[in-house]
Amino acid sequence: MTAWKAEIQVTYKKSVLDPQGVAVEKALGALGYDHVEKVRIGKYMELLLHAESEEKARSQVEEMCQRLLTNPVIEDYEYRLQPVSLERGTGQTGS
Amino acid sequence: MTAWKAEIQVTYKKSVLDPQGVAVEKALGALGYDHVEKVRIGKYMELLLHAESEEKARSQVEEMCQRLLTNPVIEDYEYRLQPVSLERGTGQTGS
Amino acid sequence: MKFGVIVFPGSNCDLDAFYMVKDVLNKPVEYLWHHEKTLRGSDCVILPGGFTYGDYLRPGAIASFSPIMTAVHAFAARGGLVLGICNGFQVLLESGLLPGALYRNIHLQFRCAWTHLSVENPHLPFTAHIPSGQVLKIPVAHGDGNYFCDPETLETLKKNNQIVFRYVTPEGNLDSRANPNGSLEAIAGICNARGNVLGMMPHPERAGESLLGSRDGQFIFQSILKHWGESS
Amino acid sequence: MSEQLHQKMGLSDQEYALILHLMGREPNELELGMFSVMWSEHCSYKCSKKVLQSLPTEGDQILLGPGENAGIVDIGEGLAVAFKMESHNHPSAIEPYQGAATGVGGIVRDIFTMGARPIALLNSLRFGPLHYPRVQYLFEGVVAGIAGYGNCIGIPTVGGETWFDPAYQGNPLVNVMCAGVLPASRIARGQARGPGNTVILVGARTGRDGLHGVTFASEGLDETSEAQRPAVQVGDPFMEKLLLEACLEAIEKELVAGIQDLGGAGLTCATSEMSSRAGSGMIIHLDRVPCREEDMSPYEIMLSESQERMLLVVENENIKAVQDIFTRWGLEFSAIGQVTGDGLLQIYHRGEKVGELAADFLCENAPVYDLPDQEPPYYQKLKSYDMQAVPQPDDLEEAFLELLASPNIASKQWIYRQYDYMVRTCTAQGPGGDAAVLRIRGTAKGLAFSADGNGRYVYLDPYKGGMIAVLEAARNVAAAGAKPLAITNCLNFGNPTRPQIYWQFKHAVKGMAEACRALGTPVTGGNVSFYNETSGEAIFPTPVVGMLGLLENLSCQVQKGWRRASDRVYLLGDLAGSLAGSEYLYALHGVLAGDMPLPDLERAAFLHQFLGEAAASKVITSAHDLSDGGLLTALAEASFAGGFGVEISLPHPENVRLDELLFGEGQSRVLVGVSLEKERDFLTLIRSYQLPWQLLGEVKGEKLTVRIQEEEPLIDLSLERVKAAWEEVISCCLD
Ligand SMILES: Nc1ncnc2c1ncn2[C@@H]1O[C@H](COP(=O)(O)OP(=O)(O)O)[C@@H](O)[C@H]1O
Ligand SMILES: [Mg+2]
């Protein structure tokens, strides 16, 4: 079993208006960053999972994204996976 | 002037509680993904900016992160930059 | 007839729905804990407003996997009456009982305000006894009430008369200023194709007594009772 | 132990000497840390205690005065109200959303820890002028944070107040108040009773966040404050909601011998205060504290201010039942120690005793200071300001519209529409009125709440200003028909070790104390927030008063808006106000000066009594008190709320300027509407009180018309136009 770190980016689908992106772009403009465009704001998620192979890890991540982590009606996602060497006991844990 | 796409990941600092991460980790566990750990939920932002050099683009992104996009008191950020060839008029734009 | 009000972790309008039934309608009602496997003989089940699981990830997302939702799915499939209010509506969408999604209000703020609703489909168990042409004064209180669906879904909703309420002016007209959240086509509530599952962002249980500013929410509950052949 | 360490922790050399004396040895680092947080101003009230002792705290209605997590007031029928206000100023200055959110979380825990079901939140906010981007950021973040937390836990935010002034630019104020209802016979206590009982920690895991938060709250803000990272935390309202339900269930089932929330100074505060109050002690095993990060040191665990945690003392036979409740609510639960009878806190880590000291050392034995005070030089100067230097406006209509557009007067709807003020379906009057009014289910009663304070008045005259804060809060609940019962407060001041600040503090408290005595509204608790300064510049001294009022019969509540055309408009109290410290003087002339008249406390008490009687006998149809902006503003507000215009005719007393007449401010003034049918009864009643009153005009049409006697109108504006000047001011400032 290897441990994999998944980094998932979730954004609204292109067809969905992203009100936060619009607001941030406006705010950046007001601060003088008027050459900034196409601001989109979404979610970033990272997690660690254990899987025998990259392929298995991939299918797990996809499944979690489709079942819980994203809403396919309004969101798209992309993710990156990388194997990690486990030093247990660092970082924050959940419950 | 080249155009650069910046992809920014914002998470709470390690020492700061990430209540969403904790809740999602539990929810994943309840769905049977009990081998998933260290879930953290943050923000993902992408934007397009114009700058003469990668260096300039970098310093712009850093500045925007520090001034507006994140609160360094509780958040950390990471970003990636890549040059893009501009096909104007595709995708959603902000305001 | 008996009502059941589901209590998810983080529900906070469970009490309001409960008292609407108990004190205003004087009908039997009980709370249903999210871990339960049955609806204990409820004839109408209410998914109340609130912040299940703190709205973490997406409103309603985590609650839609609660054990009791299996029973709600089965109940709905048998034609049972299901009413999702605010966060309850979000749970219904996340669990696939209703189509589409609710996301951030267009102005990015939580909005607590009185709204006015037109009744777009007056033939449902939930609406059949609303006087024709009546504009309902019912409040909203939410941060994620902006309804979205793709164009095909919207077509289907329209074809099947699934759009139940729209935000309108007090006079009953469509006007973007009457829309508190940027919702697609001012949609405030929709139902499933069969018409027995209703989700709505406004809170009819907060509009049951004149002390609270309106009694129009009663029309919806009275419709349910009359559909069941009861008067209150 | 090196001297630098205690200094770094914020303890003075004398304090360190006192510690050595108490301990009879040098404290280790953990023990010293515990002293440092418990002896911080925030926890020990060392600079304010002496002065606060002058506040009245007793009365027949008071079931529990200051000393516990919240005071408790009897409201009859076996019910009681717990309420309290607290500040979260410094965290909000650095991370407005989370700072304000965790402020709400903290005050809510103070209420349910008493066994009370929270039913209402209020907030009192101060910011710099809204045209500064930084102020906008703070303002928007604070409001969103209060909304985010309060809405999520399902407690309605029903009222508050908001002020903008350059005095708060670098140091905003965020004061939050919570009230809850409980059976009078079942008050839960923050006491570690019963040696042998088990000490249980429940809720969020303990993290490294918030170390030395209380010390942070006990210093001024400066450029380095942004770097005070660990002092700001992220709130978890979902966890709080679960904790609230689970703790109330355990208390209702009488399974809890003692309970206290973990706030400032975390476990150190909860263990020592609970022990000290009960005269008991505790053995605590830090390994059993569930931590968010591994390898946390004893020091970090004892001082962490992680939010959403509660400490319970439970008899051993009840542990299983308590555990079942917490498990059902999905909460983590850990028995971390035991109550002892020896008065000591004994702290163990990995089998070793890492600290031992008497709980009283941290609480009872904290130092108390009597600081020097001195009248500031500005005081006499501003008092003797010559008002004749202020020009009268040529166009009173223009002046009026400009005054209504001052953010301090303008509608606060932009704020409160973000707050869920309806949840729990008990809100009979939400924000927008003089007071918030809530029903108490199962009774005919109602509760009224108001939060008020005017830093400008207190700056000009702390003594009168302190009085006025109490008077205004009481008047607001009285206007709704309620009897003012008791207050909580939040005293926001600068650095008390500066004699001029301490002088402001002393005199403000003195004024409050006198007003509370005169009105029969004792103080049940509150909070002192010192060191509200940026780079040596103090805020206005800002005591904020949170008032609780009782309506025996909710159906007699009164609202501020006109009810019906043809209703008569009466003014109770003085016709003309004073320009001293008024919003008009500041907003239109840029002047902050003057000498406010000394409020007549006896008259105030009469007025409030009259309002209660008038409401109960239904001889008035509406009531709205006069405050910021004076008579004309109050007329306009009553018109906006009721949707009717008014036609007013005023006498013009000699030696009174027109702007004074229209915009001057003063105490104990209220506008009431009276229906023609009830006018005689009203007159009979008002004549039985020693109060000045006069008929001003009638509710009529859709215009605001004001004339002097029969002259041509001074003001003749459509309600629509007037409302437009007032309504969207705050949103416009933010665009
Ligand atoms: N921060 C706030 N939160 C909730 N309500 C607020 C806030 N600020 C102002 N309000 C509401 O706006 C109304 C006007 O406030 P204010 O002018 O201070 O009233 P008053 O002069 O009667 O005390 C009040 O009903 C008050 O409850
Ligand atoms: Mg008032």
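Scroll up to find the structure this text is about.
None of the values given here were measured: they were computed from a predicted structure.

Caption draft 1: Representation of the overall build of chain C within the structure. The helix and strand tally for chain C stands at five helices and eleven strands. In summary, chain C has a C-alpha radius of gyration of 16 Å against a globular reference of 17 Å for 232 residues, a match within 12%. Once the C-alpha set of chain C is aligned to its principal axes, its extents read approximately 45 × 40 × 35 Å. By sequence separation, contacts in chain C at least 24 residues apart represent 77% of the contacts at least 6 residues apart.

Caption draft 2: Structural context of the sheet that holds strand β7 (residues 198-203) of chain D. Residues and elements named next belong to chain D. If you walk across this open sheet you meet the seven strands as β8-β10-β7-β11-β9-β12-β13, and the pairing is mixed. Bordering the open sheet on either side are β8 (258-261) and β13 (352-358), each of which pairs with just one other strand. Neighbour-to-neighbour, the strand axes of the sheet open up by a mean angle of 20°, direction not taken into account. Direction of pairing for β7 relative to strand β11 (residues 333-340): antiparallel, over a ladder of five bridges. Bridging from a neighbouring strand, Val-202 pairs with Phe-333 of β11.

Caption draft 3: Examining the interface of chain B and chain D more closely. The partner chain D presents 15 residues to the twelve residues of chain B that form the contact. A per-residue breakdown of the area chain B buries against chain D is headed by Ser-15, Leu-17 and Val-73 of chain B, which together make up 46% of the total. Linking chain B to chain D there are zero salt bridges. Considering only residue class, the side of chain B that touches chain D consists of seven nonpolar, two polar and three charged.

Caption draft 4: How the structure looks around the relation of the copies chain B and chain A. With an axial shift of 0.0 Å and an RMSD of 0.2 Å, the rotation relating chain B to chain A amounts to 180°. A rotation of that kind, with that shift, is consistent with a two-fold axis. When the interface residues of chain B are mapped onto chain A, 96% of them again lie at the interface, so the same face is used by both copies.

Caption draft 5: Local environment of the interface of chain B and chain A. Of the residues lining the interface, 47 residues belong to chain B; the matching set on chain A comes to 45 residues. Summing both sides of the interface, chain B and chain A together bury roughly 4,300 Å²; the carbon and sulfur share of this comes to 55%. Applying the counting criterion to the chain B and chain A interface returns zero salt bridges. Contributing elements (two or more residues each) for the side of chain B that touches chain A: β1 (2-12), α1 (19-30), β2 (36-51) and α2 (54-69) of chain B. Per element, the largest residue contribution to the side of chain B that touches chain A is 15 residues, and it comes from β2 of chain B. A per-class count over the side of chain B that touches chain A returns 20 nonpolar, twelve polar and 15 charged.

Caption draft 6: Local environment of the pattern of salt bridges. Across all of its chains, the model carries 65 salt bridges over all chains by this definition. The closest approach of N and O atoms between Lys-5 of chain A and Glu-46 of chain A, which form a salt bridge, is 3.7 Å. On the criterion of sequence distance, the pair formed by Lys-5 of chain A in strand β1 (residues 2-12) and Glu-46 of chain A in strand β2 (residues 36-51) is long-range, its members being 41 residues apart. For Lys-5 of chain A, a relative accessible area of 24% puts it in the partly exposed group. What makes Glu-46 of chain A buried here is its relative accessible area of 11%. The salt bridge partner of Glu-185 of chain C is Arg-166 of chain C, with a shortest N-O separation of 3.0 Å. Remark: Arg-166 of chain C occurs in strand β9 (residues 163-168) and Glu-185 of chain C occurs in the loop between β9 and β10 (187-191); sequence separation between them is 19 residues. Judged by its relative accessible area of 32%, Glu-185 of chain C falls in the partly exposed class. Accessibility expressed as a relative area gives 11% for Arg-166 of chain C, which makes it buried.

Each value, and the rule that gives it
- Residues numbered from 1 in each chain as written.
- Chains lettered and ligands numbered in written order.
- Predicted model: local features only at pLDDT ≥ 70, side-chain atom pairs only at ≥ 80, totals over all residues.
- Heavy atoms only, no water.
- Helix = DSSP H or I, 4+ residues; strand = E, 2+ residues; numbered from the N terminus.
- Rg over C-alpha atoms; globule rule 2.2 N^0.38 Å.
- Contact = heavy atoms within 4.5 Å.
- Pairing = 2+ DSSP bridges.
- Axes fitted to C-alpha atoms, helices over the stretch in contact; angles between N-to-C directions.
- Buried area = accessible area lost by both parts, 1.4 Å probe.
- Salt bridge = Lys/Arg side-chain N within 4 Å of Asp/Glu carboxyl O.
- Nonpolar A, V, L, I, M, F, W, Y, C, P; charged D, E, K, R; others polar.
- Least-squares fit on C-alpha atoms with pLDDT ≥ 70 in both.
- Buried < 20%, exposed > 50% of the residue type's maximum accessible area, 1.4 Å probe, protein only.

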